[in-house]
Amino acid sequence: MAVETLIMKGDYEGASALLVHAMKQSGRPFGPQLDRFVSAMQVTLKDHPREFNRWLRALRVAVHG
C-alpha cells in the first residue's frame, strides 16, 4: 500500500495528496470512501499513533485546502 509506505517514511503531505487524487479519480462519492480508508489506516497503524495523527492532520489540509 503506497499511502502506508509514505506515512511510515514521514511524507504525510505526499500520502494525503496521493489518497485524495486517487479518490477523486475513482468518481465515487468521496466522503464514505474516505471514512472507510481512514478507519482502515487507523487499524493498520495502531502501533504508530503519532504517525497516524500527523497523517490525519495533513489529510485534513489536503481535503479542505
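This text gives an overview of the structure that appears in the document.

This part takes up the packing of helix α2 (residues 12-26) against helix α4 (residues 49-64). Working note: a packed helix pair is described by the angle between its axes plus the distance between those axes. For the pair α2 and α4, interaxial distance at closest approach is 8 Å and the crossing angle is 50°. Overall, the two elements α2 and α4 adopt an arrangement that is oblique. Taken as a pair, α2 and α4 cross one another with a handedness that is right-handed. Between α2, through Y12, E13, A15, S16, L19 and V20, and α4, the contact on the second element is made entirely by E51, R54, W55, A58, L59, A62 and V63. In terms of residue class, the contact of α2 with α4 is built from nine nonpolar, one polar and three charged.

Applying the stated rule across the entire model yields two aromatic pairs. Summarising the aromatic geometry, the rings of F37 and W55 are spaced 6.3 Å apart at their centres and angled 65° between planes, so their arrangement reads as edge-to-face. Within this pair, whereas F37 is found in helix α3 (residues 30-44), its partner W55 is found in helix α4, the two being separated by 18 residues in sequence. Here F37 matches W55 in class, with each residue buried. With 5.8 Å between their ring centres and 55° between their planes, F52 and W55 make a pair best called tilted. Of this pair, F52 and W55 both sit in helix α4, three residues apart, roughly one helical turn. Each member of the pair, F52 as well as W55, is classed as buried. Within the aromatic cluster, the residues linked to one another by ring pairs are F37, F52 and W55.

Rules used throughout
Residues numbered from 1 in each chain as written. Predicted model: local features only at pLDDT ≥ 70, side-chain atom pairs only at ≥ 80, totals over all residues. Heavy atoms only, no water. Axes fitted to C-alpha atoms, helices over the stretch in contact; angles between N-to-C directions. Helix = DSSP H or I, 4+ residues; strand = E, 2+ residues; numbered from the N terminus. Parallel < 35°, antiparallel > 145°, perpendicular 65-115°, else oblique. Left-handed = near helix turned anticlockwise from the far one by under 90°. Contact = heavy atoms within 4.5 Å. Nonpolar A, V, L, I, M, F, W, Y, C, P; charged D, E, K, R; others polar. Phe/Tyr/Trp six-rings, centres within 6.5 Å; stacked < 30°, edge-to-face > 60°. Buried < 20%, exposed > 50% of the residue type's maximum accessible area, 1.4 Å probe, protein only.

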